[in-house]
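So the chains spell out like this:
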Amino acid sequence: MSVIRYDLNNCIGCRNCVTVCPMDVFRFDENEMKSVIAYPENCQSCGQCFMGCKGRSLEMSFYQASYALAAARAAVSDGATPAAVKEATLAQPAKSAEEAAASAESSGSSGWSGSK
């Protein structure tokens, strides 16, 4: 669930949603004198904005919206592109089964051995 705009025309500009939202989902547009759902991926579906909306312009959606990709993109600050990530991934040498086993043996018993 997440908050959605039922009808923007119903927004009376009271700023209750901006004030009560614990996750900073809303921004207030001073030019239009209406609230804006600026960061829907932050919504935790607490319903405080919905309950406090005097103009009844908000609604809680019962459909699960996935914003994980948008949040991951926002976290990337070095300008990585999909092509650069693919290139860096392909540039890594593939380990053979023997190399992986030798690496595990040389690291000692830091991994799980399966026995007590």
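What you are looking at is a predicted structure, and each value in this text was computed from that prediction instead of being measured. (Residues numbered from 1 in each chain as written. Predicted model: local features only at pLDDT ≥ 70, side-chain atom pairs only at ≥ 80, totals over all residues. Heavy atoms only, no water.)

Caption draft 1: The arrangement of the overall build of the chain in detail. Tallying secondary structure elements over the chain gives five helices and four strands in all. Going from the N terminus to the C terminus, the chain shows its helices and strands as β-α-β-β-α-β-α-α-α. When burial is assessed residue by residue, the chain has 18% of its 116 residues classed as buried. (Helix = DSSP H or I, 4+ residues; strand = E, 2+ residues; numbered from the N terminus. Buried < 20%, exposed > 50% of the residue type's maximum accessible area, 1.4 Å probe, protein only.)

Caption draft 2: Summary view of the packing of aromatic side chains. Counting across every chain of the model gives zero aromatic pairs. Looking at Arg15, its charged tip hangs above the ring of Phe28, at a distance of 3.9 Å from the centre. (Phe/Tyr/Trp six-rings, centres within 6.5 Å; stacked < 30°, edge-to-face > 60°. Lys NZ or Arg CZ within 6 Å of the ring centre and 35° of its normal.)

Caption draft 3: Expanded view of the nonpolar core. By size, the foremost hydrophobic cluster in this structure holds ten residues: Val3, Cys17, Cys21, Val25, Phe26, Cys43, Cys49, Cys53, Leu58 and Met60. With sequence-adjacent residues up to four places away left out, Cys17 is seen in contact with Phe26, Ser35, Cys49 and Leu58. (Core = buried A, V, L, I, M, F, W, Y, C linked by side-chain atoms within 4.5 Å. Contact = heavy atoms within 4.5 Å.)

Caption draft 4: Up close: the side chain of Lys34. Its location among the elements puts Lys34 in strand S3 (residues 34-37). Despite its burial, Lys34 pairs with no opposite charge, the nearest such side chain being Glu32 at 6.8 Å. With near-sequence residues (within four places) excluded, Lys34 lies in contact with Leu8, Asn9, Cys11, Arg27, Phe28 and Asp29. (Lys, Arg positive; Asp, Glu negative; His and termini not counted. Salt bridge = Lys/Arg side-chain N within 4 Å of Asp/Glu carboxyl O.)

Caption draft 5: Inspection of the pairing of strand S2 (residues 26-29) at higher detail. A one-sided burial pattern is seen for S2, the buried positions being Phe26 and Phe28 and the unburied ones Arg27 and Asp29. In the sheet, S2 pairs with S3 via four bridges, with the strands oriented antiparallel. Considered in S3, the bridge of Arg27 is made with Val36. Counted between consecutive antiparallel strands, the loop separating S2 from S3 contains four residues, among which Met33 sits at a positive phi close to 55°. (Pairing = 2+ DSSP bridges.)

Caption draft 6: Structural view of the environment of Cys53. Tracing the chain through its elements places Cys53 in the loop between helix H2 (48-52) and strand S4 (58-61). Its relative accessible area of 9% is what places Cys53 among the buried residues. Considered as a pair, Cys53 and Val20 are 33 residues apart in the sequence and their alpha carbons are 9.9 Å apart.

Caption draft 7: Expanded view of the pattern of salt bridges. Evaluated as defined, the whole model comprises two salt bridges. With its nearest N and O atoms 3.2 Å apart, the salt bridge here joins Glu30 to Arg15. Here Glu30 is found in the loop between S2 and S3, whereas its partner Arg15 is found in the loop between strand S1 (2-5) and helix H1 (16-20), with 15 residues between them in sequence. Judged by its relative accessible area of 47%, Glu30 falls in the partly exposed class.

Caption draft 8: Broad picture of the environment of Ala38. Inspection of the secondary structure assignment puts Ala38 in the loop between S3 and H2. Separated by eleven residues in sequence, Ala38 and Arg27 place their C-alpha atoms 6.0 Å apart. If sequence neighbours within four positions are ignored, Ala38 has contacts with Val25, Phe26 and Arg27.

Note that every value here comes from positions in space, so none of it alone points to a role or purpose.
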